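# Summary of the model geometry
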Amino acid sequence: MDSLNLRNRIESIDDLPTLPVVVTQILQATKSLSTNANDVGKLISDDQSLTVKVLKLVNSPFYGFPQKIKTITHAIVILGFAKVKNIVLAASVFGMTKGPKNSTVDICSLWEHALTTGIVCRQLAKLRNSKLDIEEAFVAGLLHDLGKVILICNLEDICEQVSAIVREKDCLFYEAEKELFDFGHDKIGVWLAEKWNLNPDMIEGIKCHHQPQKARGDKLMAYILHAGDIIARALDVGNGGDNKIPLMDPKVAEELDLTTENLDKLMISVLAELDKAKDFFDLIHDQN
Amino acid sequence: MIKLIEDLKTGDVIKSEIKDGTGRVVVKIGSKVTPLLLKRLAKWGVKNVEIEGQEPKVEAKKVEKVAEKKPQNINKELVIRIAKKFSRVREDPFMDKLMKLTIKHLSAHAKPES
Ligand SMILES: [Fe+2]
Ligand SMILES: [Fe+2]
């Protein structure tokens, strides 16, 4: 199959992974200035299973709030819209896909890789004290390989072709894709992210996480995703369909100031966060 | 090679002369270690002497191994797994640094096996 046909096939997929309607509504509502905590609280609370998941995550050591948060409205007041929106998103994505049982790329391992990347990106944004919101960085990391989700769930045969090359050459998934088509999971992910109405920074980051210098405008998100993906692979949690590590773009290492000292600090904090994120990892396995 | 008095063996050949407190040579180069000389050296308070021959290789290796083990009990499987992932990018100084840091932190973080 050539690239054009692949593109046509993607365009015609009619059962794409979708976010629950309530999540889409929340994404819309949090964009509007007139929304208040009660409105969004009610939207989430109407969905019983989402409420349970969100409250579990909100109260997990990952967010580390001393007192127990009992209602969604309370969570919004304490954490703010942006954080709750991202928690809702995180609570929803793992369950939205039903990967085929015998897929060549295991969907649970992919989500573990994505979650680890999110955690690394969040710490990168935090330690760097950047203007990038740390929860935005977290969600972007979580979604950076969205294109692979589509390959696994909707384009099984293509996923198998790519995996065959990965197995044969022990190369990167991305390189195998490039061998077959002129675009890969980075572009496929963008296509879905646009349908989901994710914010433009995030979309640009997803698009360029393997070629961070190609990002237009502010490159920080792409840089953080590029580094987050590589460090998550190094830490050997989860698997995104291959067993190799791409080269870190030197410009990214320089811009993010990844000196030995800073990498040392980063790894210590990431490993501590991974321990605290058990509820997130449990969610992956509960739902797949 | 320099040997501690307690490691000297009968038959070892002295390579540097041994002098007493006044500078007088008491043991000449080329003298062989005898039980009597061992007693005298101990009496004079000599701590170590240079003798002919090279440091035995096996012993040197032993020292290295102990030194390696001391700082951390690094999990061999972990090192192999991580090194395999990095195999294509290790010539890059940054990636090599990242690999070493990863191994260091994952080893330190791993819970002791029960
Ligand atoms: Fe990727
Ligand atoms: Fe990735």
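Residues numbered from 1 in each chain as written. Chains lettered and ligands numbered in written order. Predicted model: local features only at pLDDT ≥ 70, side-chain atom pairs only at ≥ 80, totals over all residues. Heavy atoms only, no water.

### Quick look at the coordination of the iron ion (ligand 2)
Taken together, H113 of chain A (NE2), H144 of chain A (NE2), D145 of chain A (OD) and D229 of chain A (OD) make up the protein donors of the iron ion (ligand 2), found 2.2 Å from the metal. Note that the iron ion (ligand 2) binds four donor atoms; their angles at the metal cover 83 to 174 degrees, and the shape is irregular. (Donors = N, O, S within 2.8 Å, 3.2 Å for Na, K, Ca; no water. Tetrahedral: all angles 85-135°; square planar, octahedral: opposite > 155°, others 65-115°.)

### Re the packing of aromatic side chains
Residue and element names in this part refer to chain A. Enumeration over the complete set of coordinates arrives at six aromatic pairs over all chains. Measuring from centroid to centroid gives 5.2 Å for F62 and Y63, while their planes differ by 90 degrees, and the two rings are edge-to-face. Neither F62 nor Y63 differs from the other in exposure class; each is buried. Feature note: the residues F62, Y63, F138 and F280 constitute an aromatic cluster, connected by ring pairs. (Phe/Tyr/Trp six-rings, centres within 6.5 Å; stacked < 30°, edge-to-face > 60°. Buried < 20%, exposed > 50% of the residue type's maximum accessible area, 1.4 Å probe, protein only.)

### Here's the deal with the pattern of salt bridges
Residue and element names in this part refer to chain A. Tallied over the full model, the rule gives 24 salt bridges over all chains. In this structure, D218 engages K131 in a salt bridge whose closest nitrogen and oxygen atoms are separated by 3.4 Å. Here D218 is found in the loop between α13 (200–207) and α14 (220–234), whereas its partner K131 is found in the loop between α7 (107–128) and α8 (134–143), with 87 residues between them in sequence. Classification of D218 as partly exposed rests on a relative accessible area of 44%. Between K169 and E179 there is a salt bridge, with its nearest N and O atoms 2.7 Å apart. (Salt bridge = Lys/Arg side-chain N within 4 Å of Asp/Glu carboxyl O. Helix = DSSP H or I, 4+ residues; strand = E, 2+ residues; numbered from the N terminus.)

### Focus: the layout of surface pockets
Put simply, the largest pocket is a space of about 280 Å³. What lines the largest pocket is a set of 13 residues, and nearest its centre among them are V237, L271, L274 and D275 of chain A together with H109 of chain B. When contributions to the lining of the largest pocket are tallied by element, the ones reaching two or more residues are α16 (260–276) of chain A together with α3 (76–85) and α4 (93–109) of chain B. Taken together, the residues of the lining of the largest pocket break down into eight nonpolar, one polar and four charged. (1 Å grid on protein atoms, 1.4 Å probe; cavity = no way out; pocket = protein on both sides within 12 Å on 5 of 7 lines; lining within 4 Å. Points joined across faces, edges and corners; volume = space filled by probe spheres on them. Nonpolar A, V, L, I, M, F, W, Y, C, P; charged D, E, K, R; others polar.)

### Let's talk about a nonpolar patch on the surface
On the surface, a cluster of nonpolar side chains totalling about 240 Å² of accessible area is made up of F65, V77 and I78 of chain A. Assessed through its relative accessible area of 61%, V77 of chain A is described here as exposed. (Patch = residues over 30% accessible without salt bridge, like charges linked within 9 Å, V, L, I, M, F, W, Y side chains within 5 Å. Areas by Shrake-Rupley, 256 points an atom, 1.4 Å probe, with all protein chains shown as cover.)

### Some points on the interface of chain B and chain A
The interface is formed by 20 residues belonging to chain B together with 26 residues belonging to chain A. Where chain B abuts chain A, roughly 2,000 Å² becomes buried across the two surfaces, and 63% of that area is made up of carbon and sulfur atoms. Taken together, chain B and chain A are joined by four salt bridges. Within the residue set of the side of chain B that touches chain A, elements represented by two or more residues are α3 and α4 of chain B. When residues of the side of chain B that touches chain A are assigned to their parent elements, the largest contribution, 10 residues, is made by α4 of chain B. Tallied by class, the residues present in the side of chain B that touches chain A amount to eight nonpolar, four polar and eight charged. (Contact = heavy atoms within 4.5 Å. Buried area = accessible area lost by both parts, 1.4 Å probe.)

### Notes on a positive patch on the surface
A cluster of basic residues, R7, K178, K187 and K214 of chain A, forms a positive patch on the protein surface. Judged by relative accessible area, which is 33%, K178 of chain A ranks as partly exposed. (Lys, Arg positive; Asp, Glu negative; His and termini not counted. Charge placed at Lys NZ, Arg CZ, Asp CG, Glu CD.)

### Some thoughts on the side chain of E273 of chain A
Residue and element names in this part refer to chain A. With respect to the helices and strands, the residue E273 is situated in helix α16. The exposure class assigned to E273 is buried, which follows from its relative accessible area of 7%. At 3.3 Å, the side chain of E273 and the side chain of R122 are in polar contact. Sequence-distant contacts of E273, defined by excluding residues within four places in its chain, comprise F62, I119, R122 and Q123. (Polar contact = N/O pair within 3.5 Å; in protein donor to acceptor, adjacent residues only side chain to side chain.)

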